[in-house]
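As a plain string of letters, each chain reads:
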Amino acid sequence: MKFAPFDYVCTRSLAEVYDLIEARGPDARILAGGQSLLTTLALRLSEPSVLLDIGGLQELRFIEERNGAIHVGALTRHCELETSPLIAARLPLIAQAMPHVAHAAIRNRGTIGGSLSLADPAAELPACMLALDAAIVLASRDGERRVRAEAFFKGLYHTDVRPGELLVRVEITPLEKEWRFHFAEFSRRRGDYAMVGLAAAARGPGPLPEELRLAFLGCGDRPVRAREAERVASGSASAPRAERYSALRRALEKDLEPQSDPNASSETRMHLAAVLADRAIEALSG
Amino acid sequence: MNSFKGVVGTSVARPQARRFVFGRGRYTDDLRIAGTLHAVFLRSPYAHARIEAIDLDAARTVPGVVAAFDGKAIASVCAAWTAQFATLPDHRSAAQPPLAVERALWQGQPVAIVVADTRAIGEDALGLIEVQWHELEPLPHPVATAVADPAHPPLHAALGTNIAYERCIVAGDPDTTLAGADRVIKRRFQFTRHTGVPLETRTVLAEFEPGLRRLTVYQSTQVPHQMRAIYAELLGLSEANVRVIVPDVGGAFGVKLHLYDDEIAVAAASMLLGRPVKFVSDRLEAFVSDIHARGHTVDASVAVKNDGTVLGFEVDDIMEMGAYSVYPRTSVGEGLHAISLTGAPYAAPALRARLRAVFQNKAPVGSYRGVGQPIACGITEHLIDAAAAELGIDPAEMRRRNFRRAGIDPPKTAGGIAAGDLSHQRCLERLLQLMDYDGLCAERASARKAGRHLGIGIAAFVEMTAPGTGLYGAAGVKIACSDGCTLRLEPSGVVTCVTGATDQGQGSDTGMVQLIGDALGLDFDQVRLVAGDTAVTPVGGGTWASRGLVVGGEAALGAAHALRDRLIDIAAALLDVRRDALVLSASAVRERDGAKSLSLAELGGMMHYRQDLLPSEVERSPVVTFHVVPTGLIANGIQASLIELDPESGFVKPLRHWVVEDCGRVINPMLADEQLRGGVVQGLGEALLEECRYDERSQLQNATLADYLVPMASDMPDIVIDHVHTEVTGTLLGAKGIGEAGTIGAAAAFVNALNDALRAFGCAISEIPCTPERVLRALRRVP
Ligand SMILES: Cc1cc2nc3c(=O)[nH]c(=O)nc-3n(C[C@H](O)[C@H](O)[C@H](O)COP(=O)(O)OP(=O)(O)OC[C@H]3O[C@@H](n4cnc5c(N)ncnc54)[C@H](O)[C@@H]3O)c2cc1C
């Protein structure tokens, strides 16, 4: 399939991007790594009138520590997150998750801004943002606003980005030393979008987690924090496996609304989510 | 028996592959012919619908669009076709048009063709075509169709039935034999539709020359001569005026073996416009237009005695076809293989097998690597393991007791296959050694104590290779079972080989050069290969049924021997030595024990320019041609799989895989082993991942590579390979085919390994692919 015709602008500054968004209206689309957008164009699933390529805006490409928080620019590529020593040291959950994001060739081009803006419910980074309680920073000509990850993801491919806005960076305050992290997912082939995945964090000076965060992917129309399961899990960490699975399963029935699709029924996803939660607790118990 | 000098039987690298490594492969889409137009197709969005009206006017007005044709316009230059075999008089299909007229019978069937300056313009125009559709009911599930659900009138009214073909095989008095059984083990098998997914999609560039009414078709195909005959017949051209040229082919696997409606419509459009027209199938349309295969629902059973003796098999196979039987090979070959080869490795005398092939409102079904043999192997080997488990007999021992023994059991199997001298026992013993069967069994036991679930599975198989004229010729179908080779000694001393065989990337080119170089004492770079052009090459069958190197290579070898003898005759006269004192080596004819020699360059020079110097009493032509008519060779082998099951998630990981195969002489072990490995990967894809998922409206749900999962290298296990060599008599080459062996047994070995692991949970799976969900269902962990 070939793209339908569109205009292409290689933008040179954020100001130019804001101008063009305003001038070209809702038919303008941001082009970042292009790994998702270009496929939808080739399939003629969408036919924007103009692509605004932000790939050259170096000011959106950084991983830095500022005032105790890690700031990641929207154009930071998956491969850069994957190999960053700062991420490995301060945000190990992301470092654990990155090898699961697509294949190396796609990680060479795909960006965090693109992944979060796309908001695929089966993507890894959005779930990590939830587990880490990241702030998503959106900018427009009128300035910046910060949205907490949980409020940012609003539905299937649907986010809080408003017309005229661009996702410019995320800010994540690393959790203190007592936190441990675990990322796992089930996918049919390495590199595929997951059927079900889990970004988990646990706090506890001792071997058993006292506080847990369980952020699921592939279990609904967006990434989901499973609060009921978090509560149940903190209490049942030392329970026998079968009992714990059942308790988690019951809690997850309240937390999650996985859809059936030809790959897996909602029951299968629910079961796999409980398996992941159970294994996460096992892994996070020192 | 012919002796080879050393290049044959060694893993020489493939010099022919250097071109690809340098990025210089030249595929049909790479060709640039001035004035070429690009074709795109409007395809039916419905599985079954009446076309009340098509309006192409808006599409025609798009700048850059040259023409748009509907089915009637294309039918004015292209006849419809019906797949028929004189040897299968009960098999019936209906006339298939190049573009749907009045009714579309599957989602993806081409309905209109737009020809434009670029593909992108053509796609823009497609969006403007108005079709008034009236959706009709698609045929239900094949099982419902097979029992002739009266609510569903026949897809082709004139046939009066949706069963395109029915066949029963009864051998060895099943009633009496099976009455003596201690146990009968029954299973319901579900094999899911797959497709071939070659890296290079189907591509065709047709150039009609109106002055002479000559058609040249550049095409990514396995079968240039078959296509030439078809184009001539259906387009009303003289066969001498049709030329099919095959540039490099990026994989085929059976997909590029059939007549496709869109491809011949491109040729028709070129005739209507008098301009070259090209069509490159994109991946989305490939999924709904390439042939599919392997959709079978099978009830089968094995009858055994308590001592482990297998008495016989019963099989009832309902095979789904597409809306038409595919042309020209028909769609039913797969079902025929499935029923006739069930039980083939075993001595069991009784077989009752029934096939019903039913129409569906789905993409056509055709020959895909293995053609029904994986189905037969999957059924047989599952049942053998199930019986072994019930009787408490080790699966390897169960096979040892029941394999056919060469020279003892009758030369034909219960299914009527001539499989007299196969090496099942030797392959099994070699396999057990290779995989350290006892060691693995111990490892499985200790892993289980540690909470890990390993499974070991074995699958024996036979492979029908290089069939003879009975298959197509006798059926009245213009597909050669033979192949020819012309060798030409050039003035430079280089030998040009013009072969009817075609290479789709498997490396048969290299094998051919190896054979010729070996026979004529030439280095690789002294042999040039010309292939894939019906104007030049001898008429040949092309590539299918693991025949390419077996038949094409035999022809090359025969030609090389003839040329060798001729060169020796001439040299003997010129050098004044006895014939038997001469050999060919290092690009020369030389005395075995003396100093006299004549280089091939000297001989070539004389044979082309200085015939006056040649002796007059010997044949002096620098060209020889040799044709080979094969009679069918049956190969065999065995595979094993080691898997790990995660019973909580239903995920299964292939850990290792082994193949022991017997194709007689191995011409190039590297090529042979890679054929096996590639085939195994395809088989594991069938077992684990691949499936064309249709919904109840017969809409394909997963027509992208993101959703139709093919195996990737990173997920594949190491594949260990070895060979057993049974001497093949009656041919120069002494080799049988090997191209499908990997695919035939891999899924069966994998499923047996999975069922070995599932046995601890008291359950089994007999549906592929073994998705995590299906495994979880078998484990009763999800509904
Ligand atoms: C084969 C394949 C497998 C994949 N597997 C996975 C996987 O397992 N997990 C996973 O998470 N992802 C996967 N992906 C997606 C990949 O990670 C994408 O690169 C990513 O989701 C999008 O990033 P991008 O930079 O390529 O965005 P683009 O494709 O350029 O853009 C995506 C969308 O986001 C918008 N956008 C981009 N940047 C911004 C911004 N700064 N502000 C506002 N809007 C913006 C675009 O307009 C567009 O709508 C896969 C992709 C492919 C092709």
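Residues numbered from 1 in each chain as written. Chains lettered and ligands numbered in written order. Predicted model: local features only at pLDDT ≥ 70, side-chain atom pairs only at ≥ 80, totals over all residues. Heavy atoms only, no water.

**Things to note about a negative patch on the surface**
There is a patch of like negative charges on the surface, built from Asp394, Asp436, Asp438 and Glu443 of chain B. On the secondary structure map, Glu443 of chain B appears in helix α14 (residues 437-449). (Patch = residues over 30% accessible without salt bridge, like charges linked within 9 Å, V, L, I, M, F, W, Y side chains within 5 Å. Areas by Shrake-Rupley, 256 points an atom, 1.4 Å probe, with all protein chains shown as cover. Salt bridge = Lys/Arg side-chain N within 4 Å of Asp/Glu carboxyl O. Lys, Arg positive; Asp, Glu negative; His and termini not counted. Charge placed at Lys NZ, Arg CZ, Asp CG, Glu CD. Helix = DSSP H or I, 4+ residues; strand = E, 2+ residues; numbered from the N terminus.)

**Thoughts on the site of the ligand**
Residues and elements named next belong to chain A. Taken together, 30 residues surround the ligand, and among them Ile30, Gly34, Leu37, Thr111 and Glu124 come closest. Ala102 places a polar main-chain atom, nitrogen or oxygen, 3.1 Å from an oxygen atom of the ligand. When the ligand sits alone it has 970 Å² of accessible area, and the protein chains cover 88% of it. Listed by contribution, the elements that provide at least two residues to the shell around the ligand are β2 (28-31), α7 (112-118) and β10 (166-172). A per-element tally of the shell around the ligand places α7 first, with 5 residues. Classifying every residue of the shell around the ligand by side-chain character gives 14 nonpolar, 13 polar and 3 charged. (Near = heavy atom within 4 Å. Polar contact = N/O pair within 3.5 Å; in protein donor to acceptor, adjacent residues only side chain to side chain. Nonpolar A, V, L, I, M, F, W, Y, C, P; charged D, E, K, R; others polar.)

**Brief notes about the sheet that holds strand β18 (residues 453-465) of chain B**
Residues and elements named next belong to chain B. In spatial order, the strands read β18-β26-β27-β28; together these 4 strands make up an open sheet with mixed pairing. The open sheet has two edge strands, β18 and β28 (718-723), and neither has a second partner. Looking at each pair of strands side by side, their axes are set apart by 20 degrees on average, direction ignored. Each of β18, β26 (633-646) and β27 (651-662) touches helix α19 (residues 741-758); the most contacted strand, β18, lies at about 155 degrees to it. (Pairing = 2+ DSSP bridges. Axes fitted to C-alpha atoms, helices over the stretch in contact; angles between N-to-C directions. Contact = heavy atoms within 4.5 Å.)

**Section: the pairing of strand β17 (residues 350-358) of chain B**
Residues and elements named next belong to chain B. For β17, the buried fraction is high: 7 of the 9 residues fall into the buried class. Summarising the sheet, strand β7 (residues 163-171) and β17 pair through 8 bridges and their orientation is antiparallel. Residue Cys168 lies in a different strand from β17, and its bridge partner there is Arg354. Where strand β16 (residues 310-320) lies against β17, 9 bridges are found, and the strand directions are parallel. What sits directly across from Phe313, in β17, is Leu351. As a crossover connection, the stretch from β16 through helix α10 (residues 333-340) into β17 is right-handed. (Buried < 20%, exposed > 50% of the residue type's maximum accessible area, 1.4 Å probe, protein only. Right-handed = clockwise from strand over helix to strand, strands pointing away.)

**Thoughts on the side chain of Thr499 of chain B**
Residue and element names in this part refer to chain B. Mapped onto the fold, Thr499 is located in strand β20 (residues 495-499). Note on Thr499: relative accessible area 0%, which makes it buried. Here the side chain of Thr499 touches Ala501 through a polar contact of 2.9 Å, landing on its backbone nitrogen. Non-local contacts of Thr499, meaning those with residues more than four positions away in its chain, are made with Gly484, Met512, Leu529, Val530, Ala531, Gly532, Thr537 and Pro538.

**A closer look at helix α18 (residues 669-688) of chain B**
With 20 residues, α18 of chain B should cover 28 Å at 1.5 Å per step; its first-to-last C-alpha distance of 28 Å lies within 8% of that length. N-capping of α18 of chain B is provided by Asn668 of chain B, with a side-chain oxygen placed 3.0 Å from the backbone N of Met670 of chain B. (Expected span 1.5 Å × (residues − 1).)

**Points about the side chain of Asp483 of chain B**
Residues and elements named next belong to chain B. By the element assignment, Asp483 lies in strand β19 (residues 483-489). A relative accessible area of 0% means that Asp483 is categorised as buried. In terms of polar contacts, Asp483 uses its side chain to reach the backbone amide nitrogen of Gly541, at 3.3 Å. Within polar-contact distance, the side chain of Asp483 engages the side chain of Arg547 at 2.7 Å.

**Description of the state of the cysteines**
In the structure shown here, the tally under the stated rule is 0 disulfides over all chains. Cys219 of chain A provides the cysteine sulfur closest to Cys128 of chain A, a residue in no disulfide bond, and the two sulfurs are 14 Å apart. By relative accessible area, which is 0% here, Cys128 of chain A ends up buried. Note on Cys497 of chain B: no disulfide assigned, nearest cysteine sulfur contributed by Cys485 of chain B at a separation of 3.7 Å. (Disulfide = S-S within 2.5 Å.)

**Some thoughts on the sheet that holds strand β2 (residues 49-55) of chain B**
Pairing within the open sheet is antiparallel, and its 3 strands lie in the order β4-β2-β6 (chain B). Two strands close off the open sheet at either side, each with one partner strand: β4 (103-104) and β6 (130-135) of chain B.

**Observations regarding the interface of chain B and chain A**
In many reports, interface size means the accessible area that the parts give up when they come together. Opposite the 27 residues of chain B that make contact, chain A presents 25 residues. With both chains or domains summed, chain B and chain A bury close to 2,400 Å², and 54% of this area falls on carbon and sulfur atoms. At the boundary of chain B with chain A, the tally comes to 5 salt bridges. The closest approach of N and O atoms between Glu648 of chain B and Arg241 of chain A, which form a salt bridge, is 3.9 Å. (Buried area = accessible area lost by both parts, 1.4 Å probe.)

**Side note on the domain arrangement of chain A**
All names here are of chain A. Considered domain by domain, chain A is made up of domain 1 (7-53), domain 2 (63-172) and domain 3 (180-284). The C-alpha centroid of domain 2 is placed 19 Å from the C-alpha centroid of domain 1. Around 940 Å² of area is buried between domain 1 and domain 2 when both sides are counted, 66% of it from carbon and sulfur atoms. Linking domain 1 with domain 2 are 2 salt bridges. The residue Arg141 makes a salt bridge to Glu22 at a minimum N-O spacing of 3.0 Å. Linking domain 1 with domain 2 are 2 residue pairs in polar contact (both at pLDDT 80 or more), by the criterion used here. (Domains from an automatic or database assignment.)

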